[in-house]
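Architecture and fold: a report
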Amino acid sequence: MDNKSNFIYNIINQDLNFKKYTIIHTRFPPEPNGYLHIGHVKSIYLNFNIAKYYHGKCNLRFDDTNPDKESKEYVEAIKSDIQWLGFMWNGEVCYVSDYFEQLYNYAVELIQKGLAYVDELSIYAIREYRGTLKKSGQNSPYRSRSIKDNLFFFSKMRNGEFPEGSVCLRAKINMSDSSMIMRDPVLYRIKYTTHHRVGKSWCIYPTYDFSHCISDAIEGITHSLCTLEFQENRRLYNWILKNISITKHPIQYEFSRLNIKYIITSKRKLNLLVVNNIVDGWDDPRMPTISGLRRRGYTARSICEFCKRIGISRQDSYIELSELESCIRDDLNKHSLRLMAIINPIMVKIINLPTGYIEKIPMPNHPNDCSMGIRYVFFTQEIFIDRFDLDQYCKNSRFPKLTIGREIRLRHAYVIKVDHFKKDTEGNIISVHCYYDPTTLNRKPIDGRKIQGVIHWVSATKNISAEFRLYDKLFIHPTPDIVINILNIVNPRSLVISHGFVELNPIFSNNPGPYQFEREGYFILDYQYSKPTYLVFNRTVTLKKSNKS
Ligand code: ATP
Ligand code: MG
Ligand code: MG
């Protein structure tokens, strides 16, 4: 267990010292209106790990109180993402919709106590009457309705006798409270949309503020952890619980939400990318969703490690994207097999090898972990190397590149020396013609010649065709969450597709990776587009931090 020194663990330790609780009970309460993203993982990691550490419980509770935006698909995706991350909830999954009857009765109780009323003001008028931070609000003309009338109108609301938007139930608190949230907040509104679980049995739905605290209390949650935006709502949370006959009284604590540069963490905005076909669904490898990160090649272990490294505080900040990337790099560096792939192929013909020559060269699968074994790679008269390893296509490189007369080593194989290039009429190199030194298989030249530079390669005859999907940031703006129209700041080069080859290796038929393609980065097979004869790889991350980020 980790992260145990954050302020929430300190609070729980104190509560246990004072014997305030016998069991610690947390919850993770997503709304099923989209797929979970990396921001949610911060909350998942905190809530589930607290339960694990204190031998307590953590509920998974769907906050399904807005049928307009919610669906079964989202419920299922959220459950499977949490399990993929390695967490398991306590008992059955909980749904706020299971508490609709109880919530309704608590609303009736508030009405009976003169603490709630049915308002006929429109949503716009309610906003207008609420005033501003500087100006106190105005009472609704319906605020003084009798308890009897309120009970009658509330039951009519439930029975579907009012059109949507015409009436709502509001708490009667204080229209001149310093906090806008306390100025008679809405508790129930009418919606005729079919709900994904309860169908048409309800047409009034509780608001977040009304349902959240009561659901926490019903489930016996001890520590209700949410992000700092809800700090002001805490007073309302406590007000509702104090004024209804419920025995449990959970306590809300807030922590700072996760913000990462260049990344959006809002389901609503991510949905915009999906519906506008900017991305290939919620699991597009460029999406910061759990399913997108998984398809991109992120491991659950690396995402949890990221949460561990960022910790929990009440300080809002933006985390660099490179911090997330460094977690996956560290993980894949340890655990991924090394293979060779050529992303921008150019043909090399070895002049002093006979046509049809085949040699199987053994290579280690990991440079520092011999338990990962060896494999045999075909070395043939014609091979592919990467175009950008040619001097002509990569001027000013810090590393030695191939040019006429220069020797270079083929990774785990021989030293080659360029004799000449074949070029097309425009001067583009179409093939490279080399001699190889047969005495240099994994050995230095015997005459002591120094060879600078090692390049990767793949046989031109014994290989598998492959497509490489190279990803970059989805947005060109460092804080896309504050940009009004995110569709204007989409990076046109967030996906670059390249066609090339990987070594002929049976492993691809039963292991999607991730792999390290030497000198190119970490890659995983795309489960949607890949076929046995045409492999499609997503680049998870480059080998080194890019200077651009
Ligand atoms: P979204 O705008 O993405 O829908 P939300 O907060 O409305 O976010 P919920 O499904 O209601 O999404 O969130 C479930 C839980 O995850 C909440 O407790 C919420 O505080 C937490 N959460 C959501 N986003 C973040 C984030 N960026 N960092 C930390 N916790 C988050
Ligand atoms: Mg929410
Ligand atoms: Mg939301």
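Small disclaimer: the values here were computed from a predicted structure and weren't measured.

**Regarding the domain arrangement of the protein**
We note that the domain assignment places domain 1 (7–255), domain 2 (259–339 + 464–549) and domain 3 (341–456) within the protein. Centre-to-centre separation of domain 2 and domain 3, based on C-alpha positions: 30 Å. Taken together, the 16 residues of domain 2 in the interface contact 15 residues of domain 3. For the side of domain 2 that touches domain 3, the element with the highest residue contribution is strand E24 (residues 495–503), accounting for 5 residues. Considering only residue class, the side of domain 2 that touches domain 3 consists of 8 nonpolar, 3 polar and 5 charged.

**Considering the UniProt feature "domain: tRNA synthetases class I (E and Q) anti-codon binding" (unreviewed entry) in the protein**
UniProt tags residues 454–526 as "domain: tRNA synthetases class I (E and Q) anti-codon binding" (unreviewed entry). The span residues 454–526 shows a helical share of 0% and a strand share of 41%, and its end C-alpha atoms are spaced 29 Å apart.

**Some points on the sheet that holds strand E4 (residues 116–119)**
Pairing is antiparallel across the open sheet formed by 4 strands, whose spatial order is E4-E5-E6-E7. Pairing within the sheet leaves two strands with one partner each, and these edge strands are E4 and strand E7 (204–206). In this sheet, neighbouring strand axes are inclined to one another by 20° on average, regardless of whether the strands run parallel or antiparallel. Summarising the sheet, strand E5 (residues 168–171) and strand E6 (residues 186–190) pair through 3 bridges and their orientation is antiparallel. What sits directly across from Leu 169, in E6, is Tyr 188. With respect to the sheet, helix H4 (residues 100–112) is in contact with E4, E5, E6 and E7, its orientation differing from that of E4 by roughly 100°. Contacting E4, E5, E6 and E7, helix H6 (residues 147–158) crosses the sheet at an angle of about 60° to E4.

**Remarks on the site of ligand 1**
Close to ligand 1 lie 16 residues, the nearest being Pro 30, Gly 39, Arg 257, Leu 258 and Lys 267. At the level of secondary structure, the elements contributing two or more residues to the shell around ligand 1 comprise helix H2 (38–53), strand E8 (223–227) and helix H9 (267–275). At 4 residues, the largest contribution of residues to the shell around ligand 1 is made by H2. Within the shell around ligand 1, the residues separate by chemical class into 4 nonpolar, 6 polar and 6 charged. Mapping the shell around ligand 1 onto the domain boundaries places at least three of its residues in each of domain 1 (7–255) and domain 2 (259–339 + 464–549).

The rules behind the values
Residues numbered from 1 in each chain as written. Chains lettered and ligands numbered in written order. Predicted model: local features only at pLDDT ≥ 70, side-chain atom pairs only at ≥ 80, totals over all residues. Domains from an automatic or database assignment. Contact = placed C-beta atoms within 7 Å. Helix = DSSP H or I, 4+ residues; strand = E, 2+ residues; numbered from the N terminus. Nonpolar A, V, L, I, M, F, W, Y, C, P; charged D, E, K, R; others polar. UniProt positions renumbered as here; feature names shortened; annotations may be inferred. Pairing = 2+ DSSP bridges. Axes fitted to C-alpha atoms, helices over the stretch in contact; angles between N-to-C directions. Near = placed C-beta within 6 Å.

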